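Examining the three-dimensional arrangement
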Amino acid sequence: MKRTCWSGVFPAITTQMKRDGSLDLDATARHAGVLIESGVSGIIFLGSLGENQVMTADEKRRVMEAMIEAVNGRVPVLSGVAESSTAEAVRYVRDVERLGAEGVMLMPAMRYRGAPEETLTHFRTVAKSTGLPIMIYNNPLSYANDITPEMFAELGDQKNFVALKESSGDPRRITELHNTVGDRYAIFTGVDNLVLESAILGIDGWVAGSGIAFPRENQYFWELTRESKWDEARELYRWFTPLLHLDVSTKFVQYIKLAVQEGGLGAEWVRAPRLVLNGEERKRILKIIHDGIKHRPKIPRR
């Protein structure tokens, strides 16, 4: 397997829906096109933000087939893998490999709080079933399984584990990972409102969430961190932070889809059991979004 070097912004895109909860693949493809034009380095479909876990097996494959065709090789296309069993994860990864995906973002088995050896076995079994490069997703706050730096070190002999998405919510993990695994993996952050802190500590990429509603600003901010323009990055981050907070709520899917809608890039419709926002909560989130739009900074053309 040739060496895969992922870096940069790999946004986790929403799966656009119609009002009745059915898939809107054309709208999803349009949004992906806008993100590509902004300069992203890859796109992750069917992550948590993409409502993976409320889709049927057939729908997931339909989404990936359509998005691989729509992106048409312009950037790498990855799929989230959020299955409840190792066997289903293996089956899904083999299918998206056959469809032409260029990698996957692999989560622990859903709805099961495993012992470390079970989590490691799950990851290894899936990895050995495919030639695709894999980003391992660590999000113990949401998925109850913490992949520690020591566990990442143990997985280091599996060659197609190429990247990790660190979403523990503790930026100290970035330094611990560097000290434990060196440069074995590309390190991505997955917590929007810790991205500046993580960038200072040293990361290779960002799985962006809220920024999909503000793609030009999101990409420009990332580029400032790559150029170590910390004063400019800090100023932009202060504008961005209320919007980035939308990514770290239980209702992050609804919040970010509403931001996407208000930015003219899609619609807010979600699939049950999620419900669209209403009442005072909706007013509060709209105010955050509209304040962000009103005070949107001018981004230089590059």
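The text that follows walks through the structure, step by step, so that each part is easy to find. Remember, it's a predicted structure, so these values are computed and weren't measured experimentally. (Residues numbered from 1 in each chain as written. Predicted model: local features only at pLDDT ≥ 70, side-chain atom pairs only at ≥ 80, totals over all residues. Heavy atoms only, no water.)

**Let's talk about the pairing of strand 6 (residues 161-166)**
The element strand 6 is largely enclosed, with a buried count of six among its six residues. Note that strand 5 (residues 134-138) and strand 6 share five bridges and pair parallel. Bridging from a neighbouring strand, Tyr137 pairs with Lys165 of strand 6. The parallel pair strand 6 and strand 7 (residues 186-189) is bridged by helix 7 (residues 172-181), and the resulting crossover is right-handed. (Buried < 20%, exposed > 50% of the residue type's maximum accessible area, 1.4 Å probe, protein only. Helix = DSSP H or I, 4+ residues; strand = E, 2+ residues; numbered from the N terminus. Pairing = 2+ DSSP bridges. Right-handed = clockwise from strand over helix to strand, strands pointing away.)

**Examining helix 12 (residues 279-294)**
For helix 12, spanning 16 residues, the distance from its first C-alpha to its last is 22 Å, which sits close to the expected 22 Å at 1.5 Å a residue. Along helix 12, the positions that sit buried rather than exposed are Ile285, Leu286, Ile289 and Gly292. Mapping the buried residues of helix 12 onto a view down its axis gives an arc of 120°, with all of them on the same face. In this structure, helix 12 carries Glu280, Lys283, Lys287 and Lys294 as exposed residues pointing more than 90 degrees from its buried face. If you follow the buried residues of helix 12, they end up packed against helix 10 (230-244) and helix 11 (252-262). (Expected span 1.5 Å × (residues − 1). Arc of directions from axis to C-beta. Contact = heavy atoms within 4.5 Å.)

**Side note on the side chain of Glu51**
The topology assignment puts Glu51 in the loop between strand 2 (43-45) and helix 2 (57-71). Assessed through its relative accessible area of 1%, Glu51 is described here as buried. With near-sequence residues (within four places) excluded, Glu51 lies in contact with Thr15, Met17, Val253, Lys257, Trp269, Val270, Arg271 and Arg274.

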